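Close look at the chain arrangement
Below, each chain spelled out in residue letters.
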Amino acid sequence: MASSAPTPRPRPTQSPVPVVDLGPWRSGDSAARKRIAEEVDRALQAAGFLLVTGHGVDPRLAARIRAAARAFFRLPAEVKEPYAVAVGGRGWLGPGAEANSYAEGTASPPDLKESWSCAAERPTGDPAVDAEWFRPNAWPAEVPHLRPPVEEYLTRMQALSDELLELLAAALGLPPDHFTRHTRHPTWGFNLNWYPGTEVVGPPLPGQFRIGPHTDFGTVTVLDREPGAGGLQIHTEADGWLDAPYDPAALTVNIGDLLARWTGDRWRAGRHRMLPPSADAPAEELVSLVYFYECDPHTRVESLPAPLGRVAHPPVDSHAYLRAKLDAISVS
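Let me begin by describing the structure that accompanies this report. (Residues numbered from 1 in each chain as written. Predicted model: local features only at pLDDT ≥ 70, side-chain atom pairs only at ≥ 80, totals over all residues. Heavy atoms only, no water.)

Some words on the packing of helix α3 (residues 59–73) against helix α6 (residues 147–171)
- For the pair α3 and α6, the least separation of the axes is 9 Å and the interaxial angle reads 135 degrees. Judged by the inter-axis angle, α3 sits oblique to α6. The hand of the α3/α6 crossing is left-handed. Contacts between α3 and α6 pair L61, R64 and I65 from the former with P149, V150, E152, Y153 and R156 from the latter.
- Class assignment of the residues belonging to the contact of α3 with α6 gives a composition of 5 nonpolar, no polar and 3 charged. (Axes fitted to C-alpha atoms, helices over the stretch in contact; angles between N-to-C directions. Helix = DSSP H or I, 4+ residues; strand = E, 2+ residues; numbered from the N terminus. Parallel < 35°, antiparallel > 145°, perpendicular 65-115°, else oblique. Left-handed = near helix turned anticlockwise from the far one by under 90°. Contact = heavy atoms within 4.5 Å. Nonpolar A, V, L, I, M, F, W, Y, C, P; charged D, E, K, R; others polar.)

Following this line, the structure appears as C-alpha cells:
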C-alpha cells in the first residue's frame with residue numbers, strides 16, 4: 001500500500017534559507033561583503049542551507065545534462081546493468097542501491113532513485129590514495145552526449161565550491177584560505193539523481209523516500225534541482241520539516257558533516273530529504289545535479305575553538321570519516 005507523503009509544516013514568515021547574490025560579494029564594497037558574510041553565518045547556524053544567485057553557471061548547461069541523463073536512465077535495465085557500481089563507485093547506481101537514512105542510524109527501505117555517479121580522477125601520484133579516491137570515471141557509450149557537458153559543469157562546480165569556501169571563511173572572520181588551503185587536490189563526487197514516478201518505482205513503502213532524511217558528508221554541496229510535489233524538504237530545529245524554497249536562478253547550497261565538525265558545530269549540516277512520489281503527481285519525474293565537495297585526502301579536521309566553535313569534536317581523518325559514511329548508506 002502506498003504511504004502518504006509527509007505533510008510539510010507551514011513556511012515560516014522569515015525563511016531560514018536566504019538568497020545570497022555573489023555579484024556584490026565579488027565586486028561590492030566592504031560594507032556589502034560584511035552584510036553578506038553575516039547573513040551567511042546566520043543561515044548556516046539556522047538551517048545549513050543557502051540559495052546562491054550570481055554564480056555565473058549558464059542554466060542551459062544543466063538543461064543539456066538533464067536531457068542526456070534522462071536518455072540514459074530511460075534505457076532498459078539490461079543496457080544499464082554493465083555500468084552498475086556500489087555507492088562511491090563511478091557509474092550507475094541502480095534501484096535499491098542506497099538508503100541515506102542509515103547515515104543517521106535509522107533503518108528504512110532503499111531510496112526511490114537511480115544515479116549516475118562521477119568522482120575526482122586526477123591522480124595524486126600516491127598509489128594507495130589514487131586507487132581509492134582518484135580512479136577514472138566511466139561514461140555510457142549509449143549516450144555519448146552526456147560526458148562533454150558534465151565535464152564542463154564539473155570544472156565550474158569546483159571553482160564555485162572554492163569560492164564558497166572562501167566566503168564561508170570570511171563569515172567566520174578567518175583568513176580566506178582557511179578551508180581552501182586543504183582543497184589543492186581535493187576529492188569530490190557528482191551524482192545525477194533520477195527520481196521517476198510510481199510507474200517505474202511502484203508505490204512507496206511505509207517510511208520510504210526518494211532520498212531518506214540525512215545530512216551530506218563533506219564540506220559544501222551544490223545542487224541544481226527541479227521543484228516538484230515529491231521534492232526537497234529541509235529540517236530546522238525551530239520549524240521541523242519545510243518545503244525547501246526554490247528560485248530558478250539559484251543553486252541550492254548546503255554544508256556537510258565535515259564542515260560542521262570543522263566549525264565546532266557553530267554551523268549545522270543541512271538535514272534534508274526528498275519526498276516520495278506524491279499521490280497527486282504519481283508520474284512526476286525529476287532530475288537533480290548534485291556536486292559534493294570535500295577536501296584533500298587525509299586532511300586532519302579539527303574543530304574551531306571557542307568562541308567560534310561550540311563543540312570540541314575529536315579530530316578526524318577526513319577520508320576515513322567519508323569512507324565510513326559511504327559504507328553506512330550502501331545497501332548490500
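Considerations on the nonpolar core
- One finds W116, L168, F190 and L192 to be the most contacted residues of the largest nonpolar core, which totals 73 residues.
- Tallying contributions element by element places α6 first for this core, with 11 residues.
- Setting aside residues up to four positions removed in sequence, F190 forms contacts with W116, S117, C118, V150, Y153, L154, L289, V290 and Y291.
- Residues V17, A47, L242 and A250 belong to the second largest nonpolar core, which totals 15 residues. (Core = buried A, V, L, I, M, F, W, Y, C linked by side-chain atoms within 4.5 Å. Buried < 20%, exposed > 50% of the residue type's maximum accessible area, 1.4 Å probe, protein only.)

Comments concerning the sheet that holds strand β11 (residues 272–274)
- Taken together, 4 strands build an open sheet; the order of strands is β6-β11-β8-β9 and the sheet is antiparallel. Each end of this open sheet is capped by a strand with a single partner; those strands are β6 (211–214) and β9 (240–243). In this sheet, neighbouring strand axes are inclined to one another by 20 degrees on average, regardless of whether the strands run parallel or antiparallel.
- Both β6 and β11 contribute to a ladder of 2 bridges, which runs antiparallel. Note that in β11 the partner of I211 across the bridge is M274. (Pairing = 2+ DSSP bridges.)

Nothing here speaks to function; it is all geometry.
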